[in-house]
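Below, each chain spelled out in residue letters.
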Amino acid sequence: MPSLRQIFMVFLKMGAFAFGGVYSMLSFFQRELVDKRKWLSQEEFTEGVAIGQMTPGPPIINTGIYVGYHLKGPKGALAATAGQVLPGFLLVLGLAYVYKEFKDVPLFGMVLKGIGAAVVGLLASVVIKMGKQLVRSRAAALFAGGGFVLLYLLKANPIALIALSGAGGYFLYGRSK
Amino acid sequence: MMLLQLFGVLFMVNLFTIGGGYVMLPLLHDYFVTQFHWLTNQEFLDAVAMGQVTPGPLTIMNAFIGYKVLGFPGAVVATIGSYLPSIFVVTYVTKYYLKFKGSRVVDSVFKGIKPAVVGMLAAVAINLGGTSMVNPATVSIAVGSFALMTFTKIDPTLVILGSGVAGAVLL
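Residues numbered from 1 in each chain as written. Chains lettered and ligands numbered in written order. Predicted model: local features only at pLDDT ≥ 70, side-chain atom pairs only at ≥ 80, totals over all residues.

Now for the overall build of chain B. What chain B contains, in helices and strands, is eight helices and zero strands. Written out in order from the N terminus, the α and β elements of chain B read α-α-α-α-α-α-α-α. Across its three principal axes, chain B shows a C-alpha extent of roughly 55 × 40 × 30 Å. Counting all 171 residues of chain B, 55% fall into the buried class. A sequence separation of at least 24 residues applies to 53% of the contacts in chain B between residues at least 6 apart. (Helix = DSSP H or I, 4+ residues; strand = E, 2+ residues; numbered from the N terminus. Buried ≥ 20, exposed ≤ 12 C-beta atoms within 10 Å, placed from the backbone. Contact = placed C-beta atoms within 7 Å.)

Written as C-alpha coordinates, this is what we have:
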(Lines give C-alpha, C1' and ligand atoms only; values in the text may rest on other atoms or scores of the structure.)
Protein backbone atom coordinates (compact mmCIF):
# COMPACT_ATOMS: atom_id res chain seq x y z
CA MET A 1 0.00 0.00 0.00
CA PRO A 2 1.55 3.33 -1.06
CA SER A 3 2.04 6.21 1.38
CA LEU A 4 0.33 9.60 0.99
CA ARG A 5 3.65 11.01 -0.16
CA GLN A 6 3.95 8.38 -2.89
CA ILE A 7 0.39 9.05 -4.05
CA PHE A 8 1.11 12.79 -4.17
CA MET A 9 4.36 12.31 -6.11
CA VAL A 10 2.90 9.99 -8.75
CA PHE A 11 -0.02 12.35 -9.36
CA LEU A 12 2.35 15.32 -9.43
CA LYS A 13 4.26 13.62 -12.22
CA MET A 14 1.07 12.79 -14.12
CA GLY A 15 -0.24 16.32 -13.59
CA ALA A 16 2.92 17.85 -15.04
CA PHE A 17 2.67 15.82 -18.24
CA ALA A 18 -1.08 16.05 -18.63
CA PHE A 19 -1.20 17.30 -22.19
CA GLY A 20 -3.38 16.01 -24.98
CA GLY A 21 -6.79 15.49 -23.47
CA VAL A 22 -8.59 12.91 -21.41
CA TYR A 23 -7.90 9.87 -23.54
CA SER A 24 -4.14 10.18 -23.72
CA MET A 25 -4.16 10.89 -19.98
CA LEU A 26 -6.12 7.73 -19.27
CA SER A 27 -3.49 5.62 -21.01
CA PHE A 28 -0.87 7.39 -18.89
CA PHE A 29 -2.85 6.54 -15.73
CA GLN A 30 -3.21 2.95 -16.88
CA ARG A 31 0.53 2.59 -17.40
CA GLU A 32 1.59 4.26 -14.14
CA LEU A 33 -1.07 2.98 -11.76
CA VAL A 34 -2.17 -0.40 -13.09
CA ASP A 35 0.71 -1.80 -15.16
CA LYS A 36 3.77 -0.39 -13.39
CA ARG A 37 2.78 0.05 -9.75
CA LYS A 38 -0.16 -2.37 -9.54
CA TRP A 39 -2.01 -0.05 -7.13
CA LEU A 40 -5.27 -0.99 -8.83
CA SER A 41 -6.63 -3.97 -10.72
CA GLN A 42 -7.79 -3.47 -14.28
CA GLU A 43 -11.38 -3.77 -13.16
CA GLU A 44 -10.99 -1.20 -10.39
CA PHE A 45 -9.39 1.19 -12.83
CA THR A 46 -12.25 0.78 -15.30
CA GLU A 47 -14.70 1.49 -12.49
CA GLY A 48 -12.70 4.63 -11.64
CA VAL A 49 -12.90 5.83 -15.25
CA ALA A 50 -16.67 5.32 -15.27
CA ILE A 51 -17.10 7.18 -11.98
CA GLY A 52 -14.84 9.97 -13.26
CA GLN A 53 -17.15 10.48 -16.20
CA MET A 54 -20.43 10.51 -14.35
CA THR A 55 -19.43 12.88 -11.52
CA PRO A 56 -19.19 16.68 -11.75
CA GLY A 57 -15.87 18.29 -12.63
CA PRO A 58 -13.07 17.21 -14.95
CA PRO A 59 -13.23 13.40 -15.52
CA ILE A 60 -9.46 12.92 -15.26
CA ILE A 61 -9.26 14.71 -11.89
CA ASN A 62 -12.23 12.69 -10.70
CA THR A 63 -10.61 9.42 -11.70
CA GLY A 64 -7.54 10.56 -9.73
CA ILE A 65 -9.74 11.30 -6.70
CA TYR A 66 -11.24 7.82 -7.02
CA VAL A 67 -7.76 6.26 -7.08
CA GLY A 68 -6.57 8.30 -4.08
CA TYR A 69 -9.72 7.48 -2.10
CA HIS A 70 -9.45 3.84 -3.01
CA LEU A 71 -5.85 3.69 -1.76
CA LYS A 72 -5.96 5.85 1.36
CA GLY A 73 -9.46 7.23 2.01
CA PRO A 74 -10.26 10.97 2.03
CA LYS A 75 -6.62 11.91 2.69
CA GLY A 76 -5.54 9.91 -0.34
CA ALA A 77 -8.19 11.71 -2.41
CA LEU A 78 -6.75 15.06 -1.30
CA ALA A 79 -3.16 13.99 -1.99
CA ALA A 80 -4.07 12.82 -5.50
CA THR A 81 -5.95 16.04 -6.31
CA ALA A 82 -3.22 18.30 -4.92
CA GLY A 83 -0.53 16.48 -6.88
CA GLN A 84 -2.50 16.48 -10.10
CA VAL A 85 -3.52 20.13 -9.92
CA LEU A 86 -0.30 21.71 -8.63
CA PRO A 87 1.79 21.81 -11.86
CA GLY A 88 -0.99 23.43 -13.90
CA PHE A 89 -1.78 25.82 -11.05
CA LEU A 90 1.82 27.08 -10.81
CA LEU A 91 2.09 27.48 -14.56
CA VAL A 92 -1.22 29.39 -14.77
CA LEU A 93 -0.05 31.61 -11.93
CA GLY A 94 3.14 32.43 -13.87
CA LEU A 95 1.17 33.09 -17.04
CA ALA A 96 -1.36 35.24 -15.20
CA TYR A 97 1.47 37.36 -13.77
CA VAL A 98 3.02 37.86 -17.21
CA TYR A 99 -0.44 38.61 -18.58
CA LYS A 100 -1.09 41.35 -16.04
CA GLU A 101 2.32 42.96 -16.57
CA PHE A 102 2.43 42.86 -20.36
CA LYS A 103 -1.22 43.15 -21.32
CA ASP A 104 -0.79 46.67 -22.67
CA VAL A 105 2.33 45.98 -24.73
CA PRO A 106 1.06 46.16 -28.35
CA LEU A 107 2.79 42.98 -29.59
CA PHE A 108 1.40 40.96 -26.66
CA GLY A 109 -2.05 42.36 -27.44
CA MET A 110 -1.76 41.12 -31.02
CA VAL A 111 -0.70 37.66 -29.83
CA LEU A 112 -3.73 37.57 -27.52
CA LYS A 113 -6.10 38.67 -30.30
CA GLY A 114 -4.78 35.88 -32.52
CA ILE A 115 -5.21 33.38 -29.70
CA GLY A 116 -8.70 34.69 -28.91
CA ALA A 117 -9.79 34.02 -32.48
CA ALA A 118 -8.31 30.52 -32.33
CA VAL A 119 -10.20 29.76 -29.11
CA VAL A 120 -13.46 30.59 -30.89
CA GLY A 121 -12.49 28.12 -33.64
CA LEU A 122 -11.66 25.55 -30.98
CA LEU A 123 -15.04 26.03 -29.30
CA ALA A 124 -16.87 25.68 -32.60
CA SER A 125 -15.02 22.44 -33.22
CA VAL A 126 -15.99 21.15 -29.77
CA VAL A 127 -19.63 22.03 -30.51
CA ILE A 128 -19.50 20.01 -33.75
CA LYS A 129 -17.81 17.01 -32.14
CA MET A 130 -20.07 16.97 -29.09
CA GLY A 131 -23.08 17.52 -31.30
CA LYS A 132 -22.24 14.54 -33.53
CA GLN A 133 -21.92 12.35 -30.51
CA LEU A 134 -24.84 13.57 -28.43
CA VAL A 135 -27.44 15.00 -30.79
CA ARG A 136 -28.61 11.89 -32.57
CA SER A 137 -32.36 11.91 -32.13
CA ARG A 138 -35.12 14.41 -32.75
CA ALA A 139 -35.62 14.83 -29.00
CA ALA A 140 -31.91 15.50 -28.46
CA ALA A 141 -31.98 18.08 -31.26
CA LEU A 142 -34.87 19.76 -29.49
CA PHE A 143 -32.86 19.97 -26.25
CA ALA A 144 -29.83 21.33 -28.11
CA GLY A 145 -31.89 23.85 -30.09
CA GLY A 146 -33.77 24.85 -26.95
CA GLY A 147 -30.53 25.39 -25.03
CA PHE A 148 -29.15 27.51 -27.85
CA VAL A 149 -32.22 29.69 -28.36
CA LEU A 150 -32.92 30.23 -24.68
CA LEU A 151 -29.34 31.21 -23.93
CA TYR A 152 -28.53 33.14 -27.09
CA LEU A 153 -31.77 35.00 -27.75
CA LEU A 154 -33.45 35.10 -24.37
CA LYS A 155 -30.32 35.23 -22.17
CA ALA A 156 -31.82 32.70 -19.79
CA ASN A 157 -29.87 31.66 -16.71
CA PRO A 158 -27.61 28.69 -17.60
CA ILE A 159 -28.08 26.88 -14.29
CA ALA A 160 -31.85 27.16 -14.74
CA LEU A 161 -31.41 25.76 -18.27
CA ILE A 162 -29.42 22.81 -16.97
CA ALA A 163 -32.07 22.10 -14.33
CA LEU A 164 -34.83 22.45 -16.93
CA SER A 165 -33.19 20.12 -19.45
CA GLY A 166 -32.49 17.60 -16.68
CA ALA A 167 -36.16 17.65 -15.72
CA GLY A 168 -37.08 17.34 -19.41
CA GLY A 169 -34.81 14.32 -19.73
CA TYR A 170 -36.42 12.72 -16.72
CA PHE A 171 -39.97 13.21 -18.02
CA LEU A 172 -39.05 12.02 -21.50
CA TYR A 173 -36.81 9.04 -20.74
CA GLY A 174 -37.00 8.28 -17.04
CA ARG A 175 -40.60 7.53 -16.15
CA SER A 176 -42.36 4.97 -18.24
CA LYS A 177 -41.36 1.59 -19.55
CA MET B 1 -16.72 39.55 -0.01
CA MET B 2 -15.67 39.08 -3.61
CA LEU B 3 -13.52 36.12 -2.55
CA LEU B 4 -16.59 34.46 -1.08
CA GLN B 5 -18.58 35.19 -4.22
CA LEU B 6 -15.79 33.78 -6.41
CA PHE B 7 -15.66 30.64 -4.29
CA GLY B 8 -19.44 30.24 -4.30
CA VAL B 9 -19.82 30.62 -8.05
CA LEU B 10 -17.01 28.20 -8.89
CA PHE B 11 -18.22 25.66 -6.35
CA MET B 12 -21.74 25.79 -7.82
CA VAL B 13 -20.63 25.74 -11.44
CA ASN B 14 -18.35 22.77 -10.89
CA LEU B 15 -21.02 20.96 -8.93
CA PHE B 16 -23.52 21.32 -11.78
CA THR B 17 -21.32 20.48 -14.75
CA ILE B 18 -20.55 16.88 -15.56
CA GLY B 19 -17.78 16.32 -18.05
CA GLY B 20 -15.74 19.33 -16.98
CA GLY B 21 -13.90 21.60 -19.34
CA TYR B 22 -16.03 23.08 -22.07
CA VAL B 23 -19.31 22.13 -20.42
CA MET B 24 -18.73 24.72 -17.67
CA LEU B 25 -18.02 27.57 -20.11
CA PRO B 26 -21.63 28.75 -20.64
CA LEU B 27 -22.05 29.05 -16.87
CA LEU B 28 -18.72 30.74 -16.23
CA HIS B 29 -19.36 33.19 -19.06
CA ASP B 30 -22.80 34.03 -17.70
CA TYR B 31 -21.50 34.79 -14.20
CA PHE B 32 -18.14 36.42 -14.80
CA VAL B 33 -18.82 38.34 -18.02
CA THR B 34 -22.57 38.91 -18.27
CA GLN B 35 -23.64 39.25 -14.62
CA PHE B 36 -20.62 40.45 -12.61
CA HIS B 37 -18.64 42.23 -15.36
CA TRP B 38 -15.44 40.96 -13.78
CA LEU B 39 -14.06 40.04 -17.21
CA THR B 40 -14.51 41.28 -20.77
CA ASN B 41 -15.16 38.83 -23.60
CA GLN B 42 -11.52 39.17 -24.65
CA GLU B 43 -10.29 38.40 -21.11
CA PHE B 44 -12.60 35.40 -20.98
CA LEU B 45 -11.07 34.11 -24.21
CA ASP B 46 -7.59 34.69 -22.75
CA ALA B 47 -8.58 32.65 -19.71
CA VAL B 48 -9.74 29.75 -21.90
CA ALA B 49 -6.44 29.91 -23.82
CA MET B 50 -4.42 29.83 -20.56
CA GLY B 51 -6.38 26.80 -19.38
CA GLN B 52 -5.75 25.12 -22.69
CA VAL B 53 -1.97 25.63 -22.98
CA THR B 54 -1.24 24.46 -19.41
CA PRO B 55 -1.17 20.79 -18.45
CA GLY B 56 -4.28 19.28 -16.93
CA PRO B 57 -7.98 20.02 -17.33
CA LEU B 58 -9.29 23.29 -18.71
CA THR B 59 -10.74 23.97 -15.23
CA ILE B 60 -7.38 25.42 -14.13
CA MET B 61 -8.41 28.48 -16.15
CA ASN B 62 -10.42 29.36 -13.03
CA ALA B 63 -7.12 30.01 -11.21
CA PHE B 64 -6.33 32.54 -13.94
CA ILE B 65 -9.71 34.20 -13.52
CA GLY B 66 -9.18 34.31 -9.74
CA TYR B 67 -5.76 35.89 -10.18
CA LYS B 68 -7.05 38.38 -12.71
CA VAL B 69 -9.84 39.52 -10.40
CA LEU B 70 -8.31 39.26 -6.92
CA GLY B 71 -4.60 38.45 -7.21
CA PHE B 72 -2.92 35.46 -5.56
CA PRO B 73 -5.63 34.84 -2.92
CA GLY B 74 -8.16 34.82 -5.75
CA ALA B 75 -6.18 32.17 -7.61
CA VAL B 76 -6.01 29.92 -4.54
CA VAL B 77 -9.69 30.35 -3.64
CA ALA B 78 -10.74 29.75 -7.26
CA THR B 79 -8.75 26.53 -7.43
CA ILE B 80 -10.13 25.17 -4.16
CA GLY B 81 -13.68 26.15 -5.16
CA SER B 82 -13.27 24.37 -8.48
CA TYR B 83 -12.02 21.03 -7.23
CA LEU B 84 -13.78 20.70 -3.86
CA PRO B 85 -17.13 19.61 -5.37
CA SER B 86 -15.31 16.81 -7.23
CA ILE B 87 -13.69 15.57 -4.03
CA PHE B 88 -17.01 15.48 -2.16
CA VAL B 89 -19.02 13.88 -4.92
CA VAL B 90 -16.45 11.33 -6.11
CA THR B 91 -15.70 10.00 -2.63
CA TYR B 92 -19.44 9.75 -1.94
CA VAL B 93 -20.21 8.07 -5.25
CA THR B 94 -17.27 5.67 -4.87
CA LYS B 95 -18.72 4.58 -1.55
CA TYR B 96 -22.15 3.91 -3.00
CA TYR B 97 -21.19 3.06 -6.57
CA LEU B 98 -23.44 0.08 -7.02
CA LYS B 99 -26.55 2.04 -6.08
CA PHE B 100 -25.85 4.68 -8.71
CA LYS B 101 -24.75 2.31 -11.44
CA GLY B 102 -27.26 2.31 -14.23
CA SER B 103 -29.82 4.30 -12.27
CA ARG B 104 -32.64 5.18 -14.67
CA VAL B 105 -33.27 8.53 -13.01
CA VAL B 106 -29.65 9.67 -13.25
CA ASP B 107 -29.28 8.38 -16.82
CA SER B 108 -32.46 10.05 -18.06
CA VAL B 109 -31.65 13.39 -16.45
CA PHE B 110 -28.29 13.49 -18.20
CA LYS B 111 -29.82 12.42 -21.47
CA GLY B 112 -31.61 15.75 -21.34
CA ILE B 113 -28.74 17.86 -20.04
CA LYS B 114 -26.02 16.74 -22.43
CA PRO B 115 -27.55 17.92 -25.73
CA ALA B 116 -28.80 21.13 -24.08
CA VAL B 117 -25.22 21.93 -23.13
CA VAL B 118 -24.14 21.53 -26.77
CA GLY B 119 -26.67 24.18 -27.77
CA MET B 120 -25.60 26.47 -24.92
CA LEU B 121 -21.96 26.12 -25.88
CA ALA B 122 -22.80 27.09 -29.46
CA ALA B 123 -24.45 30.24 -28.14
CA VAL B 124 -21.34 31.15 -26.13
CA ALA B 125 -19.05 30.48 -29.13
CA ILE B 126 -21.10 32.88 -31.28
CA ASN B 127 -21.09 35.52 -28.55
CA LEU B 128 -17.31 35.29 -28.16
CA GLY B 129 -16.82 35.17 -31.93
CA GLY B 130 -18.48 38.57 -32.16
CA THR B 131 -15.69 39.98 -29.97
CA SER B 132 -12.70 38.27 -31.46
CA MET B 133 -13.47 37.87 -35.19
CA VAL B 134 -13.21 41.49 -36.15
CA ASN B 135 -11.16 41.55 -39.37
CA PRO B 136 -10.09 39.18 -42.18
CA ALA B 137 -6.96 38.08 -40.26
CA THR B 138 -8.81 37.08 -37.07
CA VAL B 139 -11.57 35.40 -39.10
CA SER B 140 -8.94 33.32 -40.93
CA ILE B 141 -7.27 32.35 -37.66
CA ALA B 142 -10.63 31.24 -36.22
CA VAL B 143 -11.59 29.29 -39.35
CA GLY B 144 -8.11 27.76 -39.60
CA SER B 145 -8.06 26.56 -36.00
CA PHE B 146 -11.60 25.24 -36.38
CA ALA B 147 -10.50 23.21 -39.42
CA LEU B 148 -7.34 21.91 -37.72
CA MET B 149 -9.25 20.86 -34.61
CA THR B 150 -12.10 19.26 -36.55
CA PHE B 151 -10.21 17.42 -39.27
CA THR B 152 -6.81 16.60 -37.76
CA LYS B 153 -5.64 15.17 -34.44
CA ILE B 154 -3.37 18.09 -33.65
CA ASP B 155 -2.87 19.01 -29.98
CA PRO B 156 -4.89 22.15 -29.09
CA THR B 157 -1.84 23.54 -27.29
CA LEU B 158 -0.05 23.78 -30.64
CA VAL B 159 -3.04 25.46 -32.30
CA ILE B 160 -3.10 28.12 -29.59
CA LEU B 161 0.64 28.76 -29.67
CA GLY B 162 0.58 28.90 -33.48
CA SER B 163 -2.31 31.33 -33.52
CA GLY B 164 -0.41 33.58 -31.11
CA VAL B 165 2.45 33.73 -33.60
CA ALA B 166 -0.01 34.28 -36.45
CA GLY B 167 -1.55 37.14 -34.46
CA ALA B 168 1.83 38.81 -33.97
CA VAL B 169 2.60 38.52 -37.70
CA LEU B 170 -0.80 39.35 -39.22
CA LEU B 171 -2.33 41.93 -36.88
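Moving on: unusual backbone geometry. The phi dihedral of Lys-155 of chain A falls on the positive side, at around 50°, and the residue is not glycine. Tracing the backbone through its elements, the reader meets Lys-155 of chain A in the loop between α6 (138–152) and α7 (158–174). A residue is classified by how many C-beta atoms lie within 10 Å of it, and Lys-155 of chain A, with 11 of them, is exposed. If you check the backbone angles, His-37 of chain B has positive phi at about 55° while not being a glycine. Within the secondary structure layout, His-37 of chain B lies in the loop between α2 (25–35) and α3 (41–53). We classify His-37 of chain B as exposed; it has 8 C-beta atoms within 10 Å.

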